[in-house]
Amino acid sequence: MHKPLAVARLAVARLHDNGSIKKHSYLVPHGNAVNARSNIAACRRDQTFHIWCNKKRFCTLFCKLTNKVSINMNPFLYRLLLPRRYKRYLSLAEGDKDKCHETLRYGTYYEEYDRFDFAHKSREERDEYVTDAYRNKLCRRINDAAQQAIVMDKYRTADLFRDSYRREFILCSSLTDEETFVGMGLKFGTLVAKPVDACGGRGIRILKESDQQGWCARFAELMADSHRYIVEELIVQDPFMARWNPSSVNTVRLNTINSKGRIAFLSANMRCGSQGAFVDNCVQGGYCANIDPATGLIITTASGNEIGRHYSVHPDSGIPFQGEQIPRWEELLDAAAQMARRLDKTAYVSWDFALAAQGWTLVEANKGELIADQVNLGHGLRKELLCLSNEL
């Protein structure tokens, strides 16, 4: 005789097309949907969410079943029970069903599934990849929350590493900052404004004015936004780094692991923008190629925002990627190691640097990110990450 399946009655939310949310009560396997109640508010912010649905085994399946899935969404937070959607799941092609299972079981977003080419990889090969969901889970375990909050705030990072920032900057968060902002604008003529909590190059503004009235108008534009901004002097990059694309500040990203005071470099990459762009992020149309952390030599072709395509030379300038040597490499490694040691309770950080006339200058720090590195290499870096962080 089979043991009865333990179930619990759970009130969950269903998001309707008109934006309203209604609560429903369902019987679900005990302990399998503990996060549902706390995420009713999250459903309001995102039109895509996930479900529990399988009439026999209550398998985790994907609900929205469209290509409009937000890659910023954590799939494990949206396990809602809507059994009527199960028939829609059964009508999917096998490839889309595989995406659904991968998303719910391993936290792989649809875009990651395509960029990592999971359709042509075995289960063992897929398990080697560091997805965003896995990265976030690992960082919560090995990084101190207070120090990671500093890393995720551009102004607090600049303030902590002021000696490595090598340019003037201010925080614009209230009307009382107008005088300082206008004075800085009149001094430099061109400023860069970045939301302190944004990522992927989003929200960055280039500000150019010649008189006080113009700078006052620019300040009013910033204050009309809901973001706090770090406003800084424009970086004038070294001619070598500008070769790939002169309009963007081309940077080097170093992923450091601080294991009990020993600093190791998990990976590195060079990033450059497309013609006319100021930012170098792939999501904004830029390109990224991997660097050998030991030597500073670019060892792969570059990938961009177009899935499945790789570039041996920059599409606009024609400058090759693979085989180029990044200058002053040992100086860069020393600078990154010193900063990583100052965050003594944070194991995993990504550092972005630009090469200026006075040497390597810190652009910003981030919670470690490995998507582009793994796309370029064609294999995952999970084992290397866990070994270096002593979590294996």
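Predicted model only: the values in this text are computed from it and were never measured.

Conventions used here
Starting afresh in each chain, residues are numbered from 1 along the sequence in its written order. With pLDDT at 70 or above as the cut-off, local features in this predicted model cover only qualifying residues; side-chain atom pairs require 80 or more to be listed or tallied, and sums for whole chains, interfaces and linings still use all residues. Hydrogens are left out, water is left out, and the side-chain values use all remaining heavy atoms of the structure. Secondary structure elements are taken from DSSP: a helix is a run of H or I of four residues or more, a strand is a run of E of two residues or more, and numbering for both begins at the N terminus. Exposed residues in this analysis have more than 50% of their type's maximum accessible area, buried residues have under 20%, and partly exposed residues fall in between, with area computed by a 1.4 Å probe over protein chains only. Identification of polar contacts relies on pairs of N or O atoms within 3.5 Å, with a donor-acceptor requirement for protein atoms, meaning one able to donate a hydrogen and the other able to accept it, and with residues adjacent in sequence counted only if both atoms are side-chain atoms. Whether two residues are in contact is decided by their heavy atoms: any pair within 4.5 Å suffices. Salt-bridge detection follows one rule: a side-chain nitrogen of Lys or Arg within 4 Å of a carboxyl oxygen of Asp or Glu. Only strands joined by at least two bridges in the DSSP assignment are considered to pair. Every axis in this analysis is a line fitted to C-alpha atoms, fitted for helices over the stretch in contact. Angles between the N-to-C directions lie between 0 and 180 degrees. Residues belong to a common nonpolar core when they are buried Ala, Val, Leu, Ile, Met, Phe, Trp, Tyr or Cys residues joined through side-chain atoms within 4.5 Å. Note on terminology: angles under 35 degrees are roughly parallel, angles over 145 are roughly antiparallel, angles of 65 to 115 are roughly perpendicular, and the others are oblique. If you view the pair so one helix is near and one far, a crossing is left-handed when the near helix is turned anticlockwise from the far one by less than a right angle, and right-handed when it is turned clockwise. Under the scheme applied, nonpolar residues are Ala, Val, Leu, Ile, Met, Phe, Trp, Tyr, Cys and Pro; charged residues are Asp, Glu, Lys and Arg; polar residues are all the others, including Gly.

### Examining the side chain of Ser 267
Argument step 1. Structurally, Ser 267 can be placed in strand E11 (residues 262-272).
Argument step 2. On the basis of relative accessibility, which here comes to 6%, the residue Ser 267 falls in the buried class.
Argument step 3. Within the structure, the side chain of Ser 267 is placed 2.8 Å from the side chain of Asn 255, a separation counted as a polar contact.
Argument step 4. Within the structure, the side chain of Ser 267 is placed 3.0 Å from the side chain of Asp 373, a separation counted as a polar contact.
Argument step 5. What Ser 267 contacts, discounting residues up to four positions off in sequence, is Arg 253, Leu 254, Asn 255, Pro 293, Leu 370, Asp 373 and Leu 381.

### So, the pattern of salt bridges
Argument step 1. Summed over the entire model, instances satisfying the criterion amount to 22 salt bridges.
Argument step 2. Between Arg 167 and Glu 232 there is a salt bridge, with its nearest N and O atoms 3.1 Å apart. Here the residue Arg 167 occupies a position in the loop between helix H9 (162-165) and strand E6 (169-172), and Glu 232 occupies one in strand E9 (residues 229-233), the gap between them amounting to 65 residues. One exposure class covers both Arg 167 and Glu 232, and it is buried.

### Some points on the sheet that holds strand E14 (residues 310-311)
Argument step 1. Read from one edge of the open sheet, seven strands run E14-E13-E12-E11-E10-E15-E16, paired in antiparallel fashion. Two strands lie at the open edges of the sheet, namely E14 and strand E16 (359-367), each paired on one side alone.
Argument step 2. In this sheet, strand E12 (residues 287-291) lies alongside E11 in antiparallel orientation, the contact comprising five bridges. Among the inter-strand pairings, Met 270 is bridged to a residue of E12, identified as Ala 289.
Argument step 3. This element, helix H13 (residues 329-342), spans strand E10 (251-259), E11, E12, strand E15 (348-356) and E16 of the sheet and lies at about 45° to E10.

### Overview of the pairing of E11
Argument step 1. With nine of 11 residues buried, E11 lies mostly within the body of the structure.
Argument step 2. Between E10 and E11, which pair antiparallel and follow one another directly, the connecting turn spans two residues, one of which, Lys 260, has a positive phi of 55°.

### Some remarks on unusual backbone geometry
Argument step 1. Positioned with a positive phi, Asp 117 is a non-glycine residue whose angle comes to about 55°.
Argument step 2. Tracing the sequence through the fold places Asp 117 in the loop between helix H4 (110-115) and helix H5 (123-126).

### Structural notes on the nonpolar core
Soluble globular proteins: nonpolar side chains tend toward being buried together.
Argument step 1. Counting 40 residues, the largest nonpolar core has Phe 321 and Trp 351 as the members making the most contacts within it.
Argument step 2. If we ignore the near neighbours within four places in the chain, the residues touching Trp 351 are Phe 161, Val 252, Arg 253, Leu 254, Thr 256, Ala 336, Met 339, Ala 340, Leu 343, Leu 362, Glu 364 and Ala 365.

### Overview of the packing of helix H10 (residues 178-188) against helix H11 (residues 212-224)
Argument step 1. Contact geometry of H10 with H11 gives a least axis separation of 9 Å together with a crossing angle of 130°. The angle between the axes of H10 and H11 places the two elements in the oblique class. Here H10 runs over H11; the crossing is right-handed. Two secondary-structure elements touch here, H10 through Glu 178, Phe 181, Val 182, Gly 185 and Leu 186 and H11 through Gln 212, Trp 215, Cys 216, Arg 218, Phe 219 and Leu 222.
Argument step 2. A breakdown of the residues in the contact of H10 with H11 according to their chemical character gives seven nonpolar, two polar and two charged.

### Quick word on the sheet that holds E9
Argument step 1. Spatially, the four strands line up as an open sheet ordered E6-E9-E7-E8, and their pairing is antiparallel. In the strand order of this sheet, the two ends are held by E6 and strand E8 (205-208), each with one partner. On average, adjacent strands in this sheet sit at an angle of 25° to one another, irrespective of strand direction.
Argument step 2. In this structure, strand E7 (residues 190-195) lies alongside E9, joined through five bridges in antiparallel fashion. Bridge pairing in E9 places Leu 191 opposite Glu 233.
Argument step 3. Contacting E6, E7, E8 and E9, H11 crosses the sheet at an angle of about 160° to E8.

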